[in-house]
Amino acid sequence: MIMQFNGFSQQGLTFLQDVRIQNSKDWFDDHRHIYDDEILTPFRALVTDLTQCMMLIDPEFETRPAIGKTLSRIHRDTRFSHDKSRYRSHMWLTFKRHSKDWKDAPVYFFEIAPDFYRYGLGYYSASRQTMDVLRLLMRTEPKDFLAVAKCSKSPFELVGESYKRPLIKEQDASIANWYNRKSFAVMHTSQEMEMVFNNGLVSQLEKGFKQLAPLYHYLMRAEMIKRNPEE
């Protein structure tokens with residue numbers, strides 16, 4: 001397969017940096033060609049190059065390289081936010097199944113900002129029901145969970161807000177670190193931006209996403225239990 005992604009450009013990263021400062025419609029309209037050529041175009045190519053790998057993980061993933069499908073919008077919805085900035089200074093792609101509530105769905109992601117990039121797997125904001133199902137699996141099948149959790153080791157780290165008090169006293173620390181999260185993701189964050197300037201990024205993401213596949217399938221198992229609790 002011929003690769004389409006040749007890397008992001010410094011001009012693209014500078015555009016994202018300038019968005020933080022300018023953030024006006026007039027400025028954006030004047031620089032939209034940079035957004036189209038240096039941000040959207042490489043993002044679409046990156047999705048295309050990753051699609052074959054991601055379909056092997058889950059053939060039901062949405063893989064269309066379009067805004068609102070796999071690509072984020074740069075325009076912010078400011079209706080319910082104190083921050084009235086029109087535009088984001090970062091962009092991301094996701095691979096997930098179709099879901100009415102995308103915040104509560106397991107999702108692979110890659111995000112780029114002017115001074116860092118990160119990628120991984122997890123939830124934007126898991127619901128209490130989702131976390132209750134996952135905790136039930138952790139309690140009843142601790143060995144199976146710990147075997148799956150091994151895939152989230154280096155280069156990834158577990159992130160997400162935890163409850164101030166443990167939900168279960170004297171629980172195995174390796175399980176408790178997950179069990180007490182309100183929501184979670186495993187991600188790798190880097191400020192070594194040289195990687196995003198070439199097609200080596202595709203291989204890095206493929207390797208990382210494949211590494212996390214056991215965790216993805218575990219999360220999808222919890223999703224199926226949540227939807228069909230009597231089966």
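Before reading further, recall that the structure is shown in the block above.
These figures come from a predicted structure and were not determined experimentally.

Draft legend 1. Spatial organisation of the overall build of the chain. Assigned secondary structure in the chain consists of eight helices and five strands. Counting helices and strands in the order they occur from the N terminus, the chain gives α-α-α-β-β-β-α-α-β-α-β-α-α. Principal-axis analysis of the C-alpha atoms gives the chain an extent of 55 × 45 × 35 Å. Burial statistics for the chain: of 231 residues in total, 46% are counted as buried. By sequence separation, contacts in the chain at least 24 residues apart represent 69% of the contacts at least 6 residues apart. Accessible surface computed for the chain: about 12,900 Å², of which carbon and sulfur atoms make up 49%.

Draft legend 2. Fine view of the side chain of S9. The topology assignment puts S9 in the segment before α1 (10–21). In this view, S9 contacts E38 and F197; residues no more than four positions away in its chain are not counted.

Draft legend 3. View of the nonpolar core. Counting 65 residues, the largest nonpolar core has F15, L46, Y108, F110 and I112 as the members making the most contacts within it. Ignoring anything within four residues of it in the chain, the contact list for F15 reads W27, F28, H31, I34, Y35, I39 and I74.

Draft legend 4. The sheet that holds strand β4 (residues 157–159), seen in detail. The strand order across the open sheet formed by five strands is β1-β2-β3-β5-β4, and the pairing between neighbours is antiparallel. Each edge of the open sheet is held by one strand with a lone partner, namely β1 (91–95) and β4. The mean inter-strand angle of the sheet, taken between neighbouring strand axes irrespective of direction, is 25°. Of the pairings in the sheet, the one linking β4 to strand β5 (residues 185–190) comprises three bridges and is antiparallel in character. Paired with E157 across the two strands is M187, which belongs to β5. Contacts from helix α7 (residues 200–211) reach β2 (107–112), β3 (117–122) and β5 within the one sheet, and its direction differs from that of β3 by about 25°. Lying on the sheet, helix α8 (residues 213–227) is in contact with β2, β3 and β5; it crosses β3 at an angle near 45°.

Conventions and cut-offs
Residues numbered from 1 in each chain as written. Predicted model: local features only at pLDDT ≥ 70, side-chain atom pairs only at ≥ 80, totals over all residues. Heavy atoms only, no water. Helix = DSSP H or I, 4+ residues; strand = E, 2+ residues; numbered from the N terminus. Buried < 20%, exposed > 50% of the residue type's maximum accessible area, 1.4 Å probe, protein only. Contact = heavy atoms within 4.5 Å. Areas by Shrake-Rupley, 256 points an atom, 1.4 Å probe, with all protein chains shown as cover. Core = buried A, V, L, I, M, F, W, Y, C linked by side-chain atoms within 4.5 Å. Pairing = 2+ DSSP bridges. Axes fitted to C-alpha atoms, helices over the stretch in contact; angles between N-to-C directions.

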